[in-house]
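Structural overview
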Amino acid sequence: MAPLRVLVTGAAGQIGYSIVIRIADGTVFGKDTPVHLVLLDIPQCANVLEGVVFELQDCALPTLHGVEAVTEEKAAFKDIDYAFLVGAMPRREGMERKDLLAANVRIFKSQGKALAEYAKPSTKVIVVGNPANTNAFIAAKYAAGKVPARNFSAMTRLDHNRALAQVALKAGVTVGDVKNVIIWGNHSSTQFPDARHAQVTKGGNSVDAYTAVGDDAFLQGDFISTVQKRGGVIIEKRKLSSAMSAAKAACDHIHDWHFGTQPGQHVSMAVPSDGSYGIPEGLIFSFPVTIDGNTKEWKIVQGLSLDDFAKQKIAVTTKELEEERDDALKACDE
Ligand code: NAX
């Protein structure tokens, strides 16, 4: 079997350091699937990247058939099957939101073009670098005609995993007993973590999360704000942003895209909207999705009921994403 060619950008960074081992050791694509890892970062990080390559070699992993460090997009994107786009321009002190967006538009425009020019048309892309949804939108725009938009996604799986954990803690079960929470919208503080359709296995029975938790005020209050603000709390405590949990979530996302979701389960993934739930078409919006492991195609879960509370929350995150998209499109032309 030819090894899967997997690109990680920003591989000299902190998420990069936690992600590469899980891809290389078979956690993401299985213990029987050989992988060739391509690590991209900016030229100033070439030495750090080389250190990561050496460490991966020193891990002596049978699934890792090759690993290379590159600092140019052409070499990075050539013939890849999967891309973890983690690298992005971080917000520096005094930087306006508009400047940050413009810097990231430049990066993801260039990477979108590189995907179109060098990658396999079947390449599947997860964007982790922030603002993740809008970065994915820009990359997809510039890869159009070669890599279909539905092969682009942004990560909200960390928010999804945080939501599972919060429900489990409150219901007094382990996280494996909770499924089908939903993150709607943007990977930002406007996201809507929704437990209305979640299920919990308790005492051998499957019950809805509202029954299992028995505290509606929590699920419509602290639960939502805890998940929305978790990233900030981690920075406050660790003085660094989430890395271990972000890397694990990115690996969960691609694992499920590659192997499919479990029967009766959905996961949250930001994907181009097809108009479902009234979300404008093309917006990269986090939805509940199921994935067929044979075709590797995702489908947005249809027919979930949304009450006024949910509709209002979804409207807020939709508006934010539309504004981000419009600002990014303006920056594309500048
Ligand atoms: P780090 O600053 O540790 O690493 C980022 C790396 O990207 C650096 O090594 C940098 O040199 C590299 N880089 C910058 N521009 C690049 C380019 N054009 N091509 C290739 N590499 C480039 O950040 P880290 O903590 O690893 O976070 C990475 C990104 O993930 C950030 O944008 C962060 O905001 C975002 N996050 C997204 C999350 C999500 O749920 N979607 C959660 C975690 C994380 O905050």
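So, how was this worked out
Residues numbered from 1 in each chain as written. Predicted model: local features only at pLDDT ≥ 70, side-chain atom pairs only at ≥ 80, totals over all residues. Helix = DSSP H or I, 4+ residues; strand = E, 2+ residues; numbered from the N terminus. Rg over C-alpha atoms; globule rule 2.2 N^0.38 Å. Buried ≥ 20, exposed ≤ 12 C-beta atoms within 10 Å, placed from the backbone. Contact = placed C-beta atoms within 7 Å. Core = buried A, V, L, I, M, F, W, Y, C linked by C-beta atoms within 7 Å. UniProt positions renumbered as here; feature names shortened; annotations may be inferred. Near = placed C-beta within 6 Å. Nonpolar A, V, L, I, M, F, W, Y, C, P; charged D, E, K, R; others polar. Pairing = 2+ DSSP bridges. Bend = angle between axes of the 7 residues up to and from the residue. Arc of directions from axis to C-beta. pLDDT = per-residue confidence, 0-100.

Across its full length, the protein carries 11 helices and 14 strands. Taken over the C-alpha trace, the protein has a radius of gyration of 19 Å; the compact-globule value for 334 residues is 20 Å, and the two agree within 12%. Taking all 334 residues of the protein together, 46% fall into the buried category. Taking the contacts inside the protein whose residues are at least 6 apart along the sequence as the reference set, 72% of them involve residues at least 24 apart.

In this structure, Leu37, Leu39, Val128, Ala139, Val167 and Ala250 are the most contacted members of the largest nonpolar core, which totals 101 residues. The dominant element in this core, judged by the number of residues it contributes, is helix H5 (residues 132-143), at 8 residues. Excluding its chain neighbours within four sequence positions, the residues that come into contact with Ala139 are Leu85, Phe108, Gln111, Gly112, Leu115, Val125, Val127 and Phe152.

The sites that UniProt annotates as "binding site: substrate" (unreviewed entry) are Arg91, Arg97, Asn130 and Arg162. In terms of the greatest pairwise C-alpha distance, the residues named above, spread along 72 residues, do not form a single cluster, extending to 25.9 Å across. Mapped onto the secondary structure, Asn130 falls in the loop between strand E5 (124-127) and H5. We classify Asn130 as buried; it has 20 C-beta atoms within 10 Å.

Taken together, 29 residues form the shell around the ligand, and within it Gly10, Gly13, Ile15, Gly87 and Asn130 come nearest. Partitioned by chemical class, the residues of the shell around the ligand number 16 nonpolar, 12 polar and 1 charged.

Now for the UniProt feature "active site" (unreviewed entry) in the protein. Under the present numbering, the feature "active site" (unreviewed entry) in UniProt falls on His187. Along the chain, His187 falls in the loop between strand E8 (182-184) and strand E9 (192-194). Setting aside anything within four residues of it in sequence, one finds His187 in contact with Ala132, Asn133, Ala154, Met155, Thr156, Asp159, Ala270 and Ser286.

Moving on, we come to the environment of Arg91. Residue position: Arg91 is located in the loop between strand E4 (82-85) and helix H4 (97-118). According to the C-beta neighbour criterion, Arg91 is partly exposed, with 14 such atoms within 10 Å. Taking the C-alpha atoms as reference points, Arg91 and Ala103, 12 residues apart in sequence, are found 9.8 Å from one another.

Strand order in the open sheet formed by 3 strands is E7-E10-E11, with antiparallel pairing between adjacent strands. The sheet is open, and its two edges are formed by strand E7 (178-179) and strand E11 (205-208), each paired on a single side. Bridging between E7 and strand E10 (residues 199-202) involves 2 bridges; their strand directions are antiparallel. Note that in E10 the partner of Val178 across the bridge is Val200.

Here we come to helix H9 (residues 222-238). Maximal helix bending in H9 amounts to about 55 degrees, located at Arg230. Inspection of H9 places Phe223, Ile224, Val227 and Gly231 among the buried residues, and these make up the whole buried set. Packing partners of the buried residues in H9 comprise helix H6 (157-171), E9 and helix H8 (216-219). Downstream of H9 by a residue or two, Lys239 has a phi angle that is positive, lying close to 65 degrees.

To continue, consider helix H1 (residues 14-24). Residues of H1 that are buried include every one of Ile15, Gly16, Ile19, Val20, Ile23 and Ala24, and no others. Angularly, the buried residues of H1 cover 135 degrees about the axis, an arc narrow enough to put them on a single face. Packed against the buried residues of H1 are strand E1 (4-9), strand E2 (35-40), helix H2 (46-58), strand E3 (64-70), E4 and helix H10 (244-259). Residue Gly26 follows H1 closely and has a positive phi angle near 95 degrees.

A separate point is the confidence of the model for the protein. In this model, the protein carries a mean pLDDT of 96, and residues with pLDDT of at least 70 account for 100%. Predicted complex metrics record ipTM = 0.99 and pTM = 0.98.

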